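Single-letter residue listing:
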Amino acid sequence: MLKAEYGIVKVNETWQVDEKQPIGYSRVYYIYDGDVTYYDGTMEKKLKQHHIYIFPSNLPYNMINNMQNPLFCLYLHLDLFPSVISHLIEIKVKDTPFLKSLFDTIAICISEKKQALLAILVSAFEKFLYEEQYIPKLSAAFTKTLLYIAEHYSEPLTVEQLSRLAGYNPCYFIRLFKKTTGISPYRYVTTFRMKTACLMLENGAGITETAFRTGYRDVKTFARCFCNTFGVSPGKYKKMIQA
């Protein structure tokens, strides 16, 4: 699903990406030009022109830009739930004429602000990713578990409860969950709650209301977790989006 953030941009000297916590959605970049290096703690990679990159939703990462040759790209922010992206995905557009045509049309839709058509084209791109197996399919048990988290994130959630739902013992469930998603069950639930909290704040909800609706029983704990995830307090975040 396409989030509100998308565009075509040549970045300025202040541009950087430094995600210290998983962000719960995936950036997609179609690189036109520029010299950018990606790091995620396990790999370092220079991004290539005329390639599409899908960045992890469940992994901290950062990108360094060479201002002598700044990044110029088309970007989309996608929520691919219930799938999780735990590594950088690279697609060479030259080898896939369909993608070249698709992203040329997406660029036109962005330039002409045709949002309804843009959403249809992005859905086609998502379908392509699944059909070509760039995004692995989750097992039925894991899909059930992630959907349960999405429906019950406002309630207390324990590893014992989630492992029982998936049909595994807790120790095996934790190992399998981390292997599948790249992070622990606890971190996944926290990331999901924080992603939801951002949406609530953006839609005008108050901080106390957001805390309770995302499963926190006191505002201080919620605010500390929000700040640890995004580097700003919920109050400052609200001011930023209202500016």
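Residues numbered from 1 in each chain as written. Predicted model: local features only at pLDDT ≥ 70, side-chain atom pairs only at ≥ 80, totals over all residues. Heavy atoms only, no water.

### Here's the deal with the packing of aromatic side chains
How we decide: Each aromatic pair joins two rings of Phe, Tyr and Trp (for Trp, the six-membered one) with centres within 6.5 Å, and gets the label stacked for planes under 30 degrees apart, edge-to-face for over 60, and tilted for any other angle. In this scheme, Lys NZ or Arg CZ marks a charge over a ring once it lies within 6 Å of the ring centre and within 35 degrees of the ring normal.
Going through the model one piece at a time under the given rule, you end up with 22 aromatic pairs. Within the aromatic cluster, the residues linked to one another by ring pairs are Y29, Y38, Y53, F55 and Y61. One Lys or Arg, R193, reaches over the ring of Y216 and ends 5.8 Å from the middle of that ring.

### Quick look at the state of the cysteines
Think of a disulfide as a covalent bridge from one cysteine sulfur atom to another cysteine sulfur atom. Inclusion rule: Working definition: a disulfide is two cysteine sulfur atoms within 2.5 Å of each other. Exposure classes here rest on a 1.4 Å probe applied to the protein chains alone. A residue is buried below 20% of its type maximum, exposed above 50%, and partly exposed in between.
For the structure shown, the criterion picks out 0 disulfides. The structure places no disulfide on C198, whose sulfur is separated from the nearest cysteine sulfur, that of C225, by 11 Å. Overall, C198 belongs to the buried group, its relative accessible area being 9%.

### Considering the side chain of E19
Put simply, the rule is: Runs of H or I in DSSP of at least four residues are treated as helices and runs of E of at least two as strands, each being numbered from the N terminus. In the analysis that follows, any N or O atom pair within 3.5 Å is treated as a polar contact, provided that within protein one partner can donate a hydrogen and the other can accept it, and provided that, for residues neighboring in sequence, both atoms belong to side chains. Throughout, a contact is declared for two residues whenever any of their heavy atoms are within 4.5 Å.
Inspection of the secondary structure puts E19 in strand β2 (residues 17–19). Residue classification places E19 among the buried positions, given a relative accessible area of 17%. Side chain to side chain, E19 and R27 meet in a polar contact 2.8 Å long. Excluding residues within four positions of it along the chain, E19 makes contact with R27, P60 and Y61.

### A short note on the pattern of salt bridges
Here is the rule: Only one rule defines a salt bridge in this text: a Lys or Arg side-chain nitrogen within 4 Å of an Asp or Glu carboxyl oxygen.
By the definition in use, this model includes 9 salt bridges. A salt bridge links K20 to D18; the nearest nitrogen and oxygen atoms lie 2.6 Å apart. Here K20 falls in the exposed class, since its relative accessible area comes to 57%. Residue D35 is joined to K46 by a salt bridge in which the shortest nitrogen-to-oxygen separation is 3.0 Å. In this pair, D35 is assigned in the loop between β3 (26–33) and β4 (36–39) and K46 in strand β5 (residues 44–46), connecting sequence segments 11 residues apart. According to the relative accessible area criterion, K46 is exposed, its value standing at 51%.

### Focus: helix α9 (residues 234–242)
Which entries qualify depends on this criterion: As used here, the arc is the angular range of directions from the helix axis to the C-beta atoms.
All buried positions along α9 are accounted for by P234, Y237 and K238. One side of α9 holds all its buried residues, which, seen down the axis, span an arc of 100 degrees.

### Quick look at the sheet that holds strand β7 (residues 61–65)
The condition that has to hold: Paired strands, in this sense, are two strands between which DSSP finds at least two bridges. Only the contacting stretch of a helix is used when fitting its axis, a line to C-alpha atoms as for every element, and angles between N-to-C directions run 0 to 180 degrees.
One open sheet holds the 4 strands; their spatial order is β2-β7-β4-β5, and the pairing between them is antiparallel. Strands at the two margins of the open sheet, each flanked by one partner only, are β2 and β5. Taken pair by pair, the neighbouring strands of this sheet meet at an average axis angle of 20 degrees, ignoring direction.

### Here we look at the environment of V9
Mapped onto the elements of the fold, V9 is located in strand β1 (residues 2–10). On the basis of relative accessible area, V9 is assigned to the partly exposed category, the value being 29%. Considering only alpha carbons, one finds V9 and I89, 80 residues apart in sequence, at a separation of 21 Å.

### Topic: the nonpolar core
Nonpolar side chains tend toward joint burial in soluble globular proteins. Defined as follows: To define a nonpolar core, start from buried Ala, Val, Leu, Ile, Met, Phe, Trp, Tyr and Cys residues and group those joined through side-chain atoms within 4.5 Å.
Counting 26 residues, the largest nonpolar core has I52, L76, L99, F103, I106 and F125 as the members making the most contacts within it. Residue assignment for this core shows that the elements contributing at least two residues are β3, β6 (51–54), β8 (72–78), β9 (89–92), α1 (97–111) and α2 (115–131). Of the residues forming this core, the biggest block, 7 residues, is contributed by α1. Residues in contact with I106, not counting those within four places in the same chain, are L74, L76, L118 and L121.

### Some remarks on unusual backbone geometry
Residue P82 follows F81 across a cis peptide bond; omega there is 10 degrees. Along the chain, P82 turns up in the loop between β8 and β9. In the Ramachandran plot, K113 falls in the positive-phi region, its phi being about 55 degrees despite a non-glycine side chain. For K113, the location among the structural elements is in the loop between α1 and α2. The class of K113 is exposed, set by a relative accessible area of 72%.

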